[in-house]
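Results of the structural survey
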Amino acid sequence: MIPAVLKAGRFYAYALIQLLIEPGLFFKELKEKTRPRRAVEFMVICCLFYTLASLLTGAYSQPVRIMTPIFFINAAGMILVSSVLGYMAMVMVAGKKAPFAIVFSIYAFSSGVTLFLSWLPFLVWITEPWKWWLICTGLKHTCHLSWKKSIVIVALSTIVLFFLVYSAHLAFVKN
């Protein structure tokens, strides 16, 4: 158990540093150096950090026991929904260039690294464009797409995600 945790922690630190220093190289080596399980582990660790950091801000109206799963499910769910939309956009724009597991890994690593700053609400103007750029870089280097197709995929999936969230807001929040 402990060696597995240490191994996951070592990969987590490696992935985080590589994504911060040399994301292009990290995504070029993604297929050879990692498996989808590693992407899920990375995503869970980043979502846990995001959840704990968000709880420390105290900027919420419900008790901690209610907000803890909400923060975690929000972070993990957005990564999953975004990767599904990104995969569907990739299939429409460029054909099936990579399996879903690879696209999910790109979204999990790109979103996960930005979760370290995303819990600060005023940094959304930095973290979101950074996440989109990382996803474009991942699509270009891992799926071997052009910059233009990568940008179109990210734009399509972001627009669809925006309208899904907006329609949920209209349906459930706004009376």
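All figures in this text were calculated on a predicted structure; none of them were measured in a lab.

Each value, and the rule that gives it
Residues numbered from 1 in each chain as written. Predicted model: local features only at pLDDT ≥ 70, side-chain atom pairs only at ≥ 80, totals over all residues. Heavy atoms only, no water. Helix = DSSP H or I, 4+ residues; strand = E, 2+ residues; numbered from the N terminus. Rg over C-alpha atoms; globule rule 2.2 N^0.38 Å. Buried < 20%, exposed > 50% of the residue type's maximum accessible area, 1.4 Å probe, protein only. Core = buried A, V, L, I, M, F, W, Y, C linked by side-chain atoms within 4.5 Å. Expected span 1.5 Å × (residues − 1). Arc of directions from axis to C-beta. Contact = heavy atoms within 4.5 Å. Polar contact = N/O pair within 3.5 Å; in protein donor to acceptor, adjacent residues only side chain to side chain. Axes fitted to C-alpha atoms, helices over the stretch in contact; angles between N-to-C directions. Parallel < 35°, antiparallel > 145°, perpendicular 65-115°, else oblique. Left-handed = near helix turned anticlockwise from the far one by under 90°. Nonpolar A, V, L, I, M, F, W, Y, C, P; charged D, E, K, R; others polar. Phe/Tyr/Trp six-rings, centres within 6.5 Å; stacked < 30°, edge-to-face > 60°. Lys NZ or Arg CZ within 6 Å of the ring centre and 35° of its normal. Patch = residues over 30% accessible without salt bridge, like charges linked within 9 Å, V, L, I, M, F, W, Y side chains within 5 Å. Areas by Shrake-Rupley, 256 points an atom, 1.4 Å probe, with all protein chains shown as cover. Salt bridge = Lys/Arg side-chain N within 4 Å of Asp/Glu carboxyl O.

Points about the overall build of the protein chain
Counting secondary structure elements, the protein chain contains eight helices and zero strands. In the protein chain, the order of α-helices and β-strands from amino to carboxyl end is α-α-α-α-α-α-α-α. Against the globule reference of 16 Å for 175 residues, the protein chain gives a C-alpha radius of gyration of 16 Å, in line with a compact fold. Projected onto its principal axes, the C-alpha coordinates of the protein chain cover approximately 45 × 45 × 25 Å. Burial analysis of the protein chain (175 residues in total) assigns 41% to the buried set.

Comments concerning the nonpolar core
Of all hydrophobic cores here, the largest spans 43 residues; its most connected members are Phe27, Met90, Ile106, Phe109, Leu139 and Cys143. Going through the elements one at a time, α1 (2–21), α2 (23–28), α4 (36–57), α5 (64–94), α6 (100–118), α7 (124–142) and α8 (147–173) are the ones with two or more residues in this core. Here this core gets ten residues from one element, more than from any other, and that element is α6.

Topic: α1
Relative to the 28 Å expected for 20 residues at 1.5 Å per residue, α1 spans 28 Å between its end C-alpha atoms, a close match to the ideal helical length. Within α1, the full set of buried residues consists of Ala8, Phe11, Tyr12, Ala15, Leu16, Gln18 and Leu19. Mapping the buried residues of α1 onto a view down its axis gives an arc of 165°, with all of them on the same face. Turned more than 90 degrees away from the buried face of α1, the exposed residues are Ile2, Pro3, Leu6, Arg10, Leu20 and Ile21. Buried residues belonging to α1 abut α2, α3 (30–33), α4, α6 and α7.

Topic: the side chain of threonine 137
Of note, threonine 137 is situated in helix α7. Its relative accessible area of 3% is what places threonine 137 among the buried residues. At 2.8 Å, the side chain of threonine 137 forms a polar contact with the backbone oxygen of tryptophan 133. In this structure, threonine 137 is in contact with Pro23, Gly24, Phe27 and Trp147, ignoring residues within four places of it in sequence.

Structural notes on the packing of α4 against α6
Relative orientation of the contacting elements α4 and α6 amounts to 20°, with a least axis distance of 9 Å. By the criterion of interaxial angle, the relationship of α4 to α6 is roughly parallel. As for the relative orientation of α4 and α6, their crossing is left-handed in sense. Contact with α4, carried on its side by Pro36, Arg38, Ala39, Val40, Phe42, Met43, Cys46, Cys47, Phe49 and Tyr50, involves Ala101, Phe104, Ser105, Ala108, Phe109, Gly112, Val113, Leu115, Phe116 and Ser118 of α6 and no other residues of that element. When its residues are assigned to classes, the contact of α4 with α6 shows 16 nonpolar, three polar and one charged.

Re the packing of aromatic side chains
According to the stated counting rule, one finds 15 aromatic pairs in the structure shown. Each residue in the set Phe11, Tyr12, Tyr14, Phe26, Phe27, Phe42, Phe49, Phe109 and Phe116 is aromatic and connected to the rest through ring pairs, giving one cluster. Over the aromatic face of phenylalanine 11 sits the side chain of arginine 38, whose NZ or CZ is 4.7 Å from the ring centroid.

Topic: a nonpolar patch on the surface
The grouping of Ile159, Phe162, Phe163, Tyr166 and Leu170 at the surface amounts to a nonpolar patch, some 510 Å² of accessible area in total. With respect to the helices and strands, the residue leucine 170 is situated in helix α8. Relative accessible area serves as the criterion here: at 36%, leucine 170 is assigned to the partly exposed category.

Section: the packing of α1 against α6
Packing of α1 against α6 brings their axes to within 10 Å, and their N-to-C directions diverge by 90°. One finds that α1 runs roughly perpendicular with respect to α6. On α6, the residues touching Phe11, Tyr12, Ala15, Leu16, Leu19 and Leu20 of α1 are Phe109, Val113 and Phe116. When its residues are assigned to classes, the contact of α1 with α6 shows nine nonpolar, no polar and no charged.

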